[in-house]
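# Tertiary structure, described
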Amino acid sequence: MKISKEHPRLLVTAEPFPDESLRGYLLRLCELNGYKGIKWLTKLANYRGHKAPPDSTAFRILSQLSGVSEERLRVFSYSVIRTAREERGLIRYCNFGKVLIKRHWLELKHARVCPQCLAESAHIRAIWDVKFLTACARHQVEFLEKCPRCKKWLDWSRRTISFCSCGFDLRSAKTASVEGPELELNKLMYNASGQHRLSVDSAHELPIAQLVQLGLTGLLDLLIFMGLVVYIAVAKETPSPGRMSREYAALLTKYSASCLSVWPDRFNTFLHNVVGRRKKSMTFSVRQRLSGLYRLITSLVRQPKYRFVQQTIRDFLHKEWDGQCVRHSAVIPEFHRTSTQYLTGCDARRILRSDPKAVPRLLRRGLLKGRIVGQGHHSTFLITRKSVEELSNFISTSINRTMVAKTLGVTKRTVKLLEKERLLVSKQNPIRRHVRHFPRSDVDKLLSDLDRRVNVGAKRRRDACFVPFRDGLRRTGIPIASFIQCIQRGVVMPVAVDSARTGLQRYMFDLKDLKVLKENKRL
């Protein structure tokens, strides 16, 4: 049968409710017009229901049939807004009212209802499609997912909203009540959707202020992480579900409710149970000890909005591994400082910017204090934080010979002469043994003496002939220590000149002053 491009409007139409889902609205239109379900309507609009979101053609046809604008129909149509490549593959984000949500977090195949909500208003709420919801937060009862009479799943092929396909009135069904922290989490999800404003009880010591700031997507991500903490601690294994089923999502919500209550004591208890199963050898890494949570810690919890969880995990690591071995801890963002007293070998190398062989060499020479934990391949270094900081401060307050030459405006050979005459004292670099370091304070003192004389020498006439530091020292024929004393006493006045080749500042001396100094050799 050929269908015209312009579709006539239905005899009976109605405006969609602000919190009504698209398929719930289509089912209500079919009920008002006396049609047998929404199958013919979805087929007419080429809308495949849970298999794929509606396209622009489907929205145009549905808008002609209902008289509602396409923008209004898109509010709870779960149309894909953007896609993002994440750890588990390509994730599709769809519109959920005024917020974005991952589409696989929505249950689109089967329906579920709240009997008391249907008794108040016979329309399908969009919030009921979120898999992580376990109860109606308004009436504090569980959702009805199967018909009490025929024991079948509620589907979208039924004729009316309030009755099952077998004729049972869903409004008369009785479901179990929900209370405790699980109910408060459901209230937070209701409020995050932007359609409800329910009061949350603080008697269960939930981090309510932090959870409210996460939004709906951030809250659901956190529920997955907290649920997995309890799942691994209780089930003794790492789950690997292919798809996020509604039963599995509800289980994570119940687990996360027990984990978030009495924050952060219960969370620390479950983390302790996770790592407590692997205490046979203290050389296990954070990756091995935290099992399947390691990947979520490095990808999810590192986001700034989960800062309160970051602080809790950091405190737990400090308490759990204080003075013990933690291998590869530097790969966990912001959690690499696992103890207030000790650092691992890789952390010490990172702070000192050294090669892998430098840490054991420094331990043998006594420049670093620590010990070796474990044996064989699983051994690692534990180094006191104080010794690392002292060595790092020494390196940061000294400069090498090249930097001294650039600072003074002389060559490296001149720096060696200054070092030989004890005008600059050098020390061996503990990390790179072939490099000599000079205290920055000694170089600054010598530079200030030169700069003080440069201001006087710069006023000399410009037509004078100048030579660099080393040539001036060779022309006078006096020791370098005496030459520096002559500069400090004002007998020879240097002039700062910018080098055209290197762009660095060099100190030059007048030949006339050098000639007088050579003749008189006065000190």
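Below, the structure is looked at part by part. (Residues numbered from 1 in each chain as written. Predicted model: local features only at pLDDT ≥ 70, side-chain atom pairs only at ≥ 80, totals over all residues. Heavy atoms only, no water.)

## Concerning the packing of helix H14 (residues 345–352) against helix H16 (residues 385–396)
- Contact geometry of H14 with H16 gives a least axis separation of 10 Å together with a crossing angle of 15°. As summarised for this structure, H14 and H16 are arranged roughly parallel, according to the angle between their axes. Helix-helix and strand crossings are classified by hand; for H14 and H16 the assignment is right-handed. Seen from H14, the contacting residues are Ala348, Ile351 and Leu352; seen from H16, they are Val388, Leu391 and Ser392. (Axes fitted to C-alpha atoms, helices over the stretch in contact; angles between N-to-C directions. Helix = DSSP H or I, 4+ residues; strand = E, 2+ residues; numbered from the N terminus. Parallel < 35°, antiparallel > 145°, perpendicular 65-115°, else oblique. Left-handed = near helix turned anticlockwise from the far one by under 90°. Contact = heavy atoms within 4.5 Å.)

## Quick look at the sheet that holds strand E9 (residues 398–400)
- Reading across the sheet, the three strands line up as E9-E11-E10 and stay open at both edges, with antiparallel pairing between neighbours. With partners counted over all chains shown, the strands left at the sheet margins are E9 and strand E10 (427–428), one partner each.
- Of the strand pairs in this sheet, E9 and strand E11 (residues 436–439) are connected by three bridges, and their pairing is antiparallel. Its bridge partner being in E11, Asn400 is matched across the sheet by His437.
- The strands touched by helix H17 (residues 401–408) within the sheet are E9 and E11, with E9 carrying the most contacts at an inclination of about 95°. (Pairing = 2+ DSSP bridges.)

## Brief notes about the pairing of E11
- Inspection of the sheet shows E10 paired to E11 by two bridges, in the antiparallel sense. Each residue of the ladder has a partner; that of Gln428, found in E11, is Arg436.

## A closer look at unusual backbone geometry
- In the segment running from Trp263 into Pro264, the intervening peptide bond is cis, with an omega of 0°.
- Mapping Pro264 onto the fold places it in the loop between helix H9 (246–260) and helix H10 (265–276).
- Phi at Lys151 is positive, roughly 60°, even though this residue is not glycine.
- Structurally, Lys151 is set in the loop between strand E5 (141–142) and helix H6 (181–192).

## Observations regarding the environment of Ser261
- Here Ser261 shows up in the loop between H9 and H10.
- As for Ser261 and Pro207, which are separated by 54 residues in sequence, their C-alpha atoms are 8.0 Å apart.
- A distance of 3.1 Å separates the side chain of Ser261 from the side chain of Arg266, its partner in a polar contact. (Polar contact = N/O pair within 3.5 Å; in protein donor to acceptor, adjacent residues only side chain to side chain.)

## Description of the packing of H6 against helix H8 (residues 215–235)
- For the pair H6 and H8, the least separation of the axes is 8 Å and the interaxial angle reads 150°. As judged from the angle between their axes, H6 and H8 are roughly antiparallel. By crossing handedness, the relation of H6 to H8 is classed as left-handed. Seen from H6, the contacting residues are Leu185, Leu188, Met189 and Ala192; seen from H8, they are Gly215, Leu216, Leu219, Leu220 and Leu223.
- Across the contact of H6 with H8, the residue classes tally to eight nonpolar, one polar and no charged. (Nonpolar A, V, L, I, M, F, W, Y, C, P; charged D, E, K, R; others polar.)

## Describing the state of the cysteines
- On inspection of all chains with the given rule, the structure shows zero disulfides.
- Between Cys117, a free cysteine, and Cys114, which holds the nearest cysteine sulfur, the sulfur-to-sulfur gap is 3.6 Å.
- Exposure remark for Cys117: the relative accessible area of 2% places this residue in the buried category. (Disulfide = S-S within 2.5 Å. Buried < 20%, exposed > 50% of the residue type's maximum accessible area, 1.4 Å probe, protein only.)

## As for the pattern of salt bridges
- For the structure on display, the rule yields seven salt bridges.
- In this structure, the salt-bridge partner of Glu15 is Arg72, at a minimum N-O distance of 3.2 Å. Of this pair, Glu15 sits in the segment before helix H1 (22–33) while Arg72 sits in helix H4 (residues 70–73), placing them 57 residues apart in sequence.
- Among the ionic pairs, Lys102 bridges to Asp221, the shortest N-O distance being 3.6 Å. In this pair, Lys102 sits in strand E3 (residues 99–102) while Asp221 sits in helix H8, placing the two residues 119 residues apart along the sequence. The exposure classification of Lys102 matches that of Asp221, with both residues buried. (Salt bridge = Lys/Arg side-chain N within 4 Å of Asp/Glu carboxyl O.)

## Some thoughts on a nonpolar patch on the surface
- A surface patch of nonpolar side chains, about 320 Å² in accessible area, is lined by Leu11, Val12 and Leu32.
- Along the chain, Leu11 turns up in the segment before H1. (Patch = residues over 30% accessible without salt bridge, like charges linked within 9 Å, V, L, I, M, F, W, Y side chains within 5 Å. Areas by Shrake-Rupley, 256 points an atom, 1.4 Å probe, with all protein chains shown as cover.)

## Overview of the nonpolar core
- One finds Phe96, Trp128, Phe225 and Val309 to be the most contacted residues of the largest nonpolar core, which totals 96 residues.
- With 14 residues, the single largest contributor to this core is H8.
- Ignoring anything within four residues of it in the chain, the contact list for Trp128 reads Arg112, Val113, Cys114, Cys117, Leu118, His123, Phe143 and Tyr190.
- Grouped together as the second largest cluster of nonpolar side chains are 25 residues, Ala405, Leu424, Cys486 and Ile487 included. (Core = buried A, V, L, I, M, F, W, Y, C linked by side-chain atoms within 4.5 Å.)

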